[in-house]
Amino acid sequence: MEYDYLIVGSGLFGSVFAHEMNKIGKKCLVIEKRSTIGGNIYTQKEENINVHKYGAHIFHTSDEEVWNYVNQFIKFNRFTNSPIANYKGELYNLPFNMNTFYKLWKTKTPAEAKEIIEAEKEEYKTENPANLEEQAINLVGPTIYKILIKGYTEKQWGKPCNELPSFIIKRLPVRFTYDNNYFNDLYQGIPLDGYTELIEKLLDGIEVKTDVNYFDDKEKWDAIADKVLFTGMIDEYYNYCYGELEYRGLEFKSETKDIENYQGNAVVNYTEAEIPYTRIIEHKHFEDSKSDKTIITYEYPKTWTKGEEAYYPVNDDKNSQLYEKYAKLADDEDKIIFGGRLGMYKYMNMDQVIKEALNTVKEEQQ
Ligand code: FAD
């Protein structure tokens, strides 16, 4: 065999796996169907701004091992995600915190805010919430639900909240401090020079072929390596023999503006149902780029159809059961390993993807 490992997909999972295997002397070949590396974390420099081409990506983790791992390759800035919500032209701080409550009810102390939220919850609570709407109202009361959750969630999932399962929202953190930091993690930041640099460093010294779709010549690729790590769609691998797994799609529309600063924040969510996009990203604010122009991206959730880029797995009962059938086939494979968000049909943040990839490397070495 020419290679120890053929790695299908140059996303974060494939790149971490390739790096670790290369480090221990295994010969790897990475093939990637896109013309760029990095999968969905790919960033591209335009107007001196690193543009997140597949949606805003903020690195955050509480896992010391993962944080140290990425910091071997690149440096991160001290970006703190503090999104703003725009509902019918009014602005609210996220996550729900004392600033949000002041805007909603003019409450100034935690006790005042708690009293209102608890009274609302008590008045509108449902014993066994049957859908997302009832669940959300149980957790935060109807005012926050109506202004900051309902429209956004309906756009995201393409369905009314009272037709969505309650499990989608398990917790809705409500913070009684004036803290707009969206994440609770210990570490957070954006790579100083974009995520593509991380992938380039991971793949340094490894053979990579872009614009190559594994399925166009599967037999040829399988024949040149002892083992295959596949990070594409698991149902596609098995030729959809049990049926198609579902995803939510996304469409990005970017504009370059001849002004220095468009919205004053990296992320502004639009929480009313009438506006078709869920958020506007202004890329330069992730890293305070020096440019007299700015680039913004509108994010439109949409129904996904086969052949399009798949973004979010729909982990409802129906799809989870279907995935289990594919996972059983995968368990019986000797030559092929499935990894990443498409291979494992699971939404994972970047830190989880790194952790999973490192675990897969460990399992391979046993
Ligand atoms: P991918 O990035 O999808 O990589 C898989 C690669 O395989 C792709 O490049 C694909 O082209 C290639 N491939 C597939 N099939 C084939 C084939 N047949 N032949 C050759 N190549 C193939 N995480 C965070 O931690 N913070 C965030 O803020 C964040 N924001 C996100 C925003 C959005 C809109 C989305 C969708 C995700 C976000 N994530 C975020 C999650 C993050 O994108 C993932 O954790 C990560 O990109 C997954 O890496 P992966 O390698 O598993 O998958």
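Before reading on, note that the structure itself is shown above.
Structural notes, computed from the coordinates.

So, how was this worked out
Residues numbered from 1 in each chain as written. Predicted model: local features only at pLDDT ≥ 70, side-chain atom pairs only at ≥ 80, totals over all residues. Heavy atoms only, no water. Pairing = 2+ DSSP bridges. Helix = DSSP H or I, 4+ residues; strand = E, 2+ residues; numbered from the N terminus. Axes fitted to C-alpha atoms, helices over the stretch in contact; angles between N-to-C directions. Near = heavy atom within 4 Å. Polar contact = N/O pair within 3.5 Å; in protein donor to acceptor, adjacent residues only side chain to side chain. Areas by Shrake-Rupley, 256 points an atom, 1.4 Å probe, with all protein chains shown as cover. Nonpolar A, V, L, I, M, F, W, Y, C, P; charged D, E, K, R; others polar. Phe/Tyr/Trp six-rings, centres within 6.5 Å; stacked < 30°, edge-to-face > 60°. Buried < 20%, exposed > 50% of the residue type's maximum accessible area, 1.4 Å probe, protein only. Lys NZ or Arg CZ within 6 Å of the ring centre and 35° of its normal. Contact = heavy atoms within 4.5 Å.

1. Remarks on the sheet that holds strand β9 (residues 207-209)
In sheet architecture, strand pairing relies on hydrogen bonds along the backbone and comes in two forms, parallel and antiparallel. With respect to topology, five strands assemble into an open sheet ordered β9-β2-β1-β10-β16, the strand pairing being parallel. The sheet is open, and its two borders are formed by β9 and β16 (336-338), each paired with just one other strand. Put simply, the sheet's adjacent strands are angled 20 degrees from each other on average, direction ignored. Where strand β2 (residues 28-31) lies against β9, three bridges are found, and the strand directions are parallel. Paired with V30 across the bridge in β9 is V208.

2. Points about the site of the ligand
What surrounds the ligand is a group of 32 residues, the closest being E32, H57, R341, M348 and M350. In this structure, E32 approaches the ligand through a side-chain N or O atom, which is 2.7 Å from an oxygen atom. The separation between a nitrogen atom of the ligand and a polar side-chain atom of Y347 is 3.1 Å. Out of a free accessible area of 1,000 Å², the ligand has 97% covered by protein chains. Counted by class, the shell around the ligand contains 18 nonpolar, 10 polar and four charged residues.

3. Observations regarding the packing of aromatic side chains
Under the counting rule described, the total for this entry stands at 29 aromatic pairs. Between Y214 and F230, the ring centres sit 5.7 Å apart and the planes meet at 45 degrees, which makes this aromatic pair tilted. With Y214 in the loop between β9 and α8 (218-223) and F230 in strand β10 (residues 225-230), this residue pair connects regions lying 16 residues apart in the sequence. There is no split in this pair, since Y214 and F230 are both buried. An aromatic cluster of three or more residues is present, and its members are Y214, F215, F230, Y237, Y238, Y242, Y326 and F338. Here the basic side chain of K103 rests over the ring of Y92, its NZ or CZ set 5.6 Å away from the ring centre. A cation over an aromatic ring shows up here: K106 above the ring of Y102, its NZ or CZ 4.9 Å from the ring centre.

4. Some points on the environment of F76
Along the polypeptide, F76 turns up in the loop between α2 (64-71) and β6 (84-87). Separated by 122 residues in the primary sequence, F76 and L198 have C-alpha atoms spaced 11 Å apart. With residues up to four places along the chain from it excluded, the contact list for F76 reads F59, W67, V70, N71, G189, I190, P191 and L192.

5. Description of the pairing of strand β11 (residues 247-257)
In this sheet, strand β15 (residues 312-313) lies alongside β11 in antiparallel orientation, the contact comprising two bridges. Paired with Y247 across the two strands is P313, which belongs to β15. Pairing of β11 with strand β14 (residues 294-303), which is carried by 10 bridges, proceeds in the antiparallel orientation. Across the sheet, K257 pairs through a bridge with T294, a residue of β14.

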